[in-house]
Amino acid sequence: MGAMPHIPAAAKPTATRKDVARLAGVSTAVVSYVVNGGPKRVSPATEAKVRDAIAALGYRPNAAARALKLGSSEMLGMIVPDTTNPFFVLLAHAVEVAAAERGYALLIANSDASVTAERRHVESLASRRVDGVFLSSVLFEPDLRDLEAADISVVLLNHSTDSPGFASVGVDLRGGARVAVEHLAGHGHRDIGLVMGTSTGGGQDAREVGWLEGIRAAGLVPGPIVRAPFRREDGYRVGLELAVSTDRPTALFASSDILAVGLLRAFHESGVRIPEDIAIVSFDGSPEAEFSWPGLTTLAQPIEEMARAAVEALVGDGPASNRIFPPTLVRRASCGCQASDPLTPRTTAAPHRLG
């Protein structure tokens, strides 16, 4: 008689709750109590037997059935405009860690800064009945009707204005931009331009408002404003244009690190020295700012604090509120503060408390 044919692991029957109960010597109800954490208590010894049986059989609870049982999918959704931007990568990771500490998994969607894609993701998450959604919208006033209709809580991320009825978490963009201008003016610069990232959301960005307020407070005439999408290649393009411009300022505030990194390369290639010929301060505090050459002076966002606040607002017991965090000025060589190794930056608090 020939040997029995090998059955691939994928073809083996899936273990059931009854299989676990049989191996552990308990009822299926007890298995349910262990898997769902209740509603009845199970002795430590019995729970250990059930856990051992689950591990031995490779049992996986049915997620959909578990969600119905608990009234929760234990899943949160997050929509960001650009999953290639280092800031949103860090923010998504921090939110994922904070959510996991509370027993939730995180489903991340990328809108590519498209209003249409954002709405499609909102509809998808609403239909999946996630327990809550973090939304970093491309709009100043996003359409949340689908989530409201599904009774799904929302926290607006990277959102620096109050949105009545919704919790939101953001950083003081306006105050941070003022600090950037004050810092450059403190280095003696009288001609400070702005490289402003653009989005599809419309409205004036708070960083532009803060830049202009800082210019006026210092008694300066506004330098040139150049607008470009939040991408490295667009920062590079703008830098090449500024390098040969007769209207080139002596200092720039770039509204994001990712734009500033593009500027750095363009200036290097064009023979424009930083900070001798042009000084730069940017916004975000991403790793790219630390690892660029020279290191970028930047207004760093407290990403981990913001992520914890967002998770608490979404799955905690507190009322909906608007949390605005102050950024911190991290001084490096791009503004003229220091010419030391950018991997050992001197971090200081912003000149004054924001917000």
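Structure's up top.
Enquirer: What's the story with the packing of helix α5 (residues 86-100) against helix α13 (residues 303-315) in this structure? I'm lost.
Expert: Think of two packed helices as two axes; the pair is described by the angle between the axes and how far apart they sit. As a packed pair, α5 and α13 sit with axes 8 Å apart at the nearest point and diverge in direction by 50 degrees. Taken together, the axes of α5 and α13 lie oblique to each other. Crossing of α5 over α13 shows right-handed handedness. Each of F87, L90, L91, A94, V95, A98 and A99 in α5 lies in contact with α13, whose residues at this interface are I303, E304, A307, R308 and V311. Residues that form the contact of α5 with α13 fall into these classes: ten nonpolar, no polar and two charged.

Enquirer: When you look at helix α10 (residues 232-243) in this model, what are you seeing that I'm missing?
Expert: Because each turn of an α-helix spans 3.6 residues, side chains separated by three or four positions end up pointing in the same direction. Helix length check: α10 (twelve residues) gives 16 Å between terminal C-alpha atoms against 16 Å at 1.5 Å per residue, within 8%. The complete set of buried residues in α10 reads D234, G235, V238, G239, L242 and A243. Against the buried residues of α10 lie β6 (192-198), β7 (225-229), β8 (251-254) and α11 (257-270).

Enquirer: Looking at this structure, how should I read helix α3 (residues 44-57)?
Expert: The end-to-end C-alpha distance of α3 is 20 Å, a good match for the 20 Å that 14 residues give at a rise of 1.5 Å each. Residues of α3 that are buried include every one of T46, V50, A53 and I54, and no others. In a view along the axis of α3, the buried residues occupy a sector of 100 degrees, so they form one face of it. Exposed positions of α3 whose direction lies more than 90 degrees from the buried face are P44, A45, D52, A55 and A56. Two residues or fewer past α3, G58 is found with a positive phi of approximately 70 degrees.

Enquirer: What should I look at first to understand the packing of aromatic side chains in this one?
Expert: Each aromatic ring pair is summarised here by two numbers: the centre-to-centre distance and the angle between the ring planes. Applying the stated criterion to the full structure yields one aromatic pair. Taking 5.1 Å as the distance between ring centres and 70 degrees as the angle between the ring planes, the aromatic pair formed by F87 and F88 counts as edge-to-face. An identical accessibility class is assigned to F87 and F88; each is buried. The ring of Y236 has R265 lying over it, and the distance from NZ or CZ to the ring centre is 5.4 Å.

Enquirer: How should the pairing of strand β9 (residues 279-284) be read in this particular structure?
Expert: As a general feature of sheets, a regular strand has side chains that alternate between the two faces. Across the six residues of β9, six count as buried, placing the element largely inside the fold. Burial along β9 is two-sided: A279, V281 and F283 and I280, S282 and D284, pointing in opposite directions, are all buried. Relative to β9, β8 runs parallel, the two being bridged by three bridges. Each residue of the ladder has a partner; that of A251, found in β9, is A279. In this fold, the crossover linking β8 to β9 by way of α11 has right-handed handedness. Two strands pair when backbone bridges link them, and β9 and strand β10 (residues 297-300) are joined in this way by four bridges, in the parallel orientation. When the sheet's bridge partners are listed, V281 is paired in β10 with T297.

Enquirer: What am I meant to see in the pattern of salt bridges here?
Expert: Any two side chains of opposite charge can pair, on the condition that their charged atoms come close. Evaluated as defined, the whole model comprises 15 salt bridges. Of the charged contacts, one joins E213 and R174 as a salt bridge, the two residues approaching to 2.3 Å between their closest N and O atoms. Placement of E213 in helix α9 (residues 206-217) and of R174 in helix α8 (residues 173-186) is noted, with a sequence separation of 39 residues between them. If you follow the salt bridges from partner to partner, you end up with R231, E233, D234, R237 and E241 in one network.

Enquirer: So what exactly am I meant to see when it comes to the nonpolar core here?
Expert: A general feature of soluble globular proteins is that nonpolar side chains tend to end up buried together. Among the nonpolar cores identified, the biggest contains 26 residues, and M78, L91, V95, F134, L157 and V169 are the most heavily contacted of them. Sequence-distant contacts of L157, defined by excluding residues within four places in its chain, comprise M78, L91, V95, F134, L135, S136, V169 and A310. In terms of nonpolar packing, the next biggest core, distinct from the first, is built from 22 residues, V171, W211, L220 and L299 among them.

Enquirer: When you look at the environment of I79 in this model, what are you seeing that I'm missing?
Expert: Here I79 lies in strand β1 (residues 75-80). With a relative accessible area of 0%, I79 lands in the buried category. Expressed as a C-alpha distance, the spacing of I79 and S137, which sit 58 residues apart in the sequence, is 7.5 Å. Beyond its immediate stretch of four places on either side in the chain, I79 contacts A109, S111, E118, H121, V122, L125, F134, L135 and S136.

Enquirer: I would appreciate a short explanation of the sheet that holds strand β3 (residues 132-135) in the present structure.
Expert: By definition, the strands of a sheet pair up through backbone hydrogen bonds, in either a parallel or an antiparallel sense. The parallel open sheet is built from six strands, whose spatial order is β2-β1-β3-β4-β5-β11. Of all strands in the sheet, those with a lone pairing partner are β2 (105-110) and β11 (322-325), marking the two edges. For this sheet, the mean angle separating the axes of adjacent strands, direction not counted, is 15 degrees. Here β1 runs beside β2; their pairing, made up of six bridges, is parallel. Residue pairing for β2: M78 is matched across the bridge by I108.

Enquirer: Teacher, can you tell me more about the packing of α8 against α9 here?
Expert: Close contact between α8 and α9 brings their axes to 7 Å; oriented N to C, the two are set at 40 degrees. With respect to α9, the axis of α8 lies oblique. Between α8 and α9 lies a crossing whose hand is right-handed. Two secondary-structure elements touch here, α8 through L173, R174, A177, R178 and V181 and α9 through A206, R207, V209, G210, W211, E213, G214 and I215. Within the contact of α8 with α9, the residues separate by chemical class into seven nonpolar, two polar and four charged.

What counts, and at which threshold
- Starting afresh in each chain, residues are numbered from 1 along the sequence in its written order.
- Only residues with pLDDT of 70 or above have their local features reported here, since the model is predicted, and side-chain atom pairs are shown and tallied only from 80 upward, although totals for entire chains, interfaces and linings are computed over all residues.
- No hydrogens and no water enter the side-chain calculation; it runs on all heavy atoms of the structure.
- Fitting a line to C-alpha atoms yields each axis, with helices limited to the stretch in contact; the angle taken between N-to-C directions then spans 0 to 180 degrees.
- Only DSSP runs of H or I covering at least 4 residues are called helices, and only runs of E covering at least 2 are called strands; the numbering of each starts at the N terminus.
- Small angles under 35 degrees read as roughly parallel and large ones over 145 as roughly antiparallel, with 65 to 115 read as roughly perpendicular and the rest as oblique.
- It is the rotation of the near helix from the far one that decides the hand of a crossing: anticlockwise by less than a right angle makes it left-handed, clockwise makes it right-handed.
- Whether two residues touch is decided by their heavy atoms; if any such pair falls within 4.5 Å, the residues are in contact.
- Each residue gets one of three labels, nonpolar for Ala, Val, Leu, Ile, Met, Phe, Trp, Tyr, Cys and Pro, charged for Asp, Glu, Lys and Arg, and polar for the others, Gly among them.
- Working rule for helices: expected span equals 1.5 Å times residues minus one.
- The classification of residues rests on relative accessible area computed with a 1.4 Å probe and restricted to protein chains. Under 20% of the type maximum is buried, over 50% is exposed, and intermediate values are partly exposed.
- By construction, the arc corresponds to the directions joining the helix axis to the C-beta atoms.
- Centres within 6.5 Å make a pair out of two Phe, Tyr or Trp rings, where for Trp the six-membered ring is used; the pair is then stacked when the planes are under 30 degrees apart, edge-to-face when over 60, and tilted otherwise.
- Counted as over-ring charges are cases with an Arg CZ or a Lys NZ within 6 Å of the ring centre that also lie within 35 degrees of the ring normal.
- For two strands to count as paired, DSSP must find a minimum of two bridges between them.
- Handedness of a crossover: with both strands directed away from the viewer, a clockwise path from the first strand across the helix to the second marks it as right-handed.
- The rule for a salt bridge is simple: a side-chain nitrogen of Lys or Arg has to be within 4 Å of a carboxyl oxygen of Asp or Glu.
- We define the nonpolar core as a collection of buried residues of types Ala, Val, Leu, Ile, Met, Phe, Trp, Tyr and Cys that are connected through side-chain atoms lying within 4.5 Å of one another.

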